[in-house]
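Read off the chains here:
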Amino acid sequence: MPIRTLLLAVFLLAAAPSGAQTLLQTEAQFTSSSGEHSPLWLNANRYGLSSLETTNGYARLGLFHSFDSDSLRKVAFGYGADVAVAHHFSSRLIVQQAYGEMRWMRGVLTIGSKQHPVQLRNAELSTGPQTLGSNARPVPQVRVELPEYWDIPFAKGFLGIKGHIGYGMQTDDRWQKDFTNEQSKHTEHTLIHTKAGYLRFGKREKPVTVEIGLEMGCQFGGKSHQFEGGNHIVIDNDASPDAFLHAFVPAGGDSGEGAYKNKEGNHLGSYVVRVNLEQPSYGLSLYGDHFFEDSSQMLFLEFDGYGEGEKWNEWEHNRWFIYDLRDMLLGAEVRLKRCRWVNAVVAEYIYSKHQSGPVYHDRTPSLSDHVGGRDGYYNHYIQTGWQHWGQVMGNPLYLSPAYNSDGAIEVRNNRFVAWHLGISGQPLPALSYRLLATWQKGFGTYDMPAIAPAISRYYLAEAEYRFPVSSALRGWRVKAALGIDHGKWTGNNTGTQFTIARQINL
């Protein structure tokens, strides 16, 4: 479909009466690049509504009803429908969001696909969370959530809690078949479980608060298609009620495992923490995100007391292996409340090289020691790893499978060191901007190490203009962006991106 046809579809809007509660949103975007792909920051952290193709675009139409205006009611309802017609994307018609939700007091039940906001960081300037990010398309799910901090009654406002539990199913079966040409590992009907819990220490009105949390995800169930020695092997993963329970509390074992049993499914997660200081003229937040793929980096302990001889696979001794804490994302955010030209600065450092160490050895009859290194972040031996529609569901600096030219669904650069800087400002009431600059040194993976560590640089300059309420074009906004990549992992790319959108209160 020609891009001009996509643009025309957006502008066919009639005038609508003003009001509240319900929003009609339209958007058209066009990206043109030179190089191998569209630049990273023109593609990443857009909830998967993006493309690596050098020329791409979409027209998008969304209708949303929020229950925020019904805040005085104990029970309120909301919904959203968000559809895009795309050019040079992974599919022509994209149902980006389709959900209904109900709020009862402070709790929310959501059924369907919805773009949920990232937690404990600036979504516009950060590289993104390592577990529950905004880089991939939403997964349809049933989700129970406490979206805002609820003050525990007996704590007198000092302690608040929020979080969610969700179960859903990936929608990328056909994409996986097409991408792999059914010649390498792919899955069907993969189930997804996510959960998160956060505690806030400190009263809302006080200058210092501390937030800590645990974010976790699990892929389980469905069918796994594997190809070994020219043979096509189909593994029917468990999707019984026990599998749902094992996704919530890691237990059980994957289908076809013998003596060496792992927990059922692809479990991963992050410990997160954020310390906030609020002053009249500025705010400062320091935060951290430690990612883990299994117990070695979740607990930093692993049992290593197996017996010998016939008891080589039995727990015989009280002996444990202790792992180092090295991998982490560390960040700082400064908010300048009285400065228009620069109102926020984010700096981040990410280290993911350790992954419990370079050695993996499981106990054997002749050597009972167990060392669980080589974690392989975002990859899995049965599931296709922490990705959806080719984009990782966490931090986009872990190279998404969509970049692989040979049709393999795996992350090939998960060991790296990176520095990142983000700056935003609003020099005029209607004009805002953001700048991103990222330096990354990638080492590949333990299984496929880079011959020589490769340095990549990613840049973004973006400006947005929102037409004032007094203007005849009120409700419209236009955005222009320039992205540049330089390095091995994504290639050398330069691209521009133009977006025009309108929001109407119905």
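Higher on the page you've got the structure.
The text that follows walks through the structure, step by step, so that each part is easy to find. (Residues numbered from 1 in each chain as written. Predicted model: local features only at pLDDT ≥ 70, side-chain atom pairs only at ≥ 80, totals over all residues. Heavy atoms only, no water.)

1. Overview of helix H3 (residues 241-248)
Listed as buried for H3 are Ala243, His246 and Ala247. For H3, the buried positions fall inside an angular range of 105° around the axis, keeping them on one side. Contacts made by the buried residues of H3 are with strand S7 (159-169), strand S9 (191-201), strand S10 (208-220) and strand S13 (266-278). (Buried < 20%, exposed > 50% of the residue type's maximum accessible area, 1.4 Å probe, protein only. Helix = DSSP H or I, 4+ residues; strand = E, 2+ residues; numbered from the N terminus. Arc of directions from axis to C-beta. Contact = heavy atoms within 4.5 Å.)

2. Quick word on helix H2 (residues 173-180)
The complete set of buried residues in H2 reads Asp173, Trp175, Gln176 and Thr180. End-on view of H2: buried residues confined to an arc of 165°, all on one side of the axis. In this structure, H2 carries Arg174 and Asp178 as exposed residues pointing more than 90 degrees from its buried face. In this structure, the buried residues of H2 make contact with strand S8 (186-188) and strand S21 (387-388). Following H2 by one or two positions, asparagine 181 adopts a phi angle in the positive range, close to 55°.

3. Brief notes about the pairing of S9
Strand residues, when the strand is regular, have side chains that alternate between the two faces of the sheet. In terms of burial, S9 is a largely internal element, 8 of the 11 residues being buried. Of the strand pairs in this sheet, S7 and S9 are connected by 11 bridges, and their pairing is antiparallel. Following the sheet pairing, glycine 163 is matched in S9 by glycine 197. Where S9 and S10 come together, 11 bridges link them in antiparallel fashion. Directly across from phenylalanine 201, in S10, lies its bridge partner valine 210. What sits between the antiparallel neighbours S9 and S10 is a turn of 6 residues, in which glycine 202 has the positive phi angle 115°. (Pairing = 2+ DSSP bridges.)

Worth remembering: the numbers are spatial, not functional.
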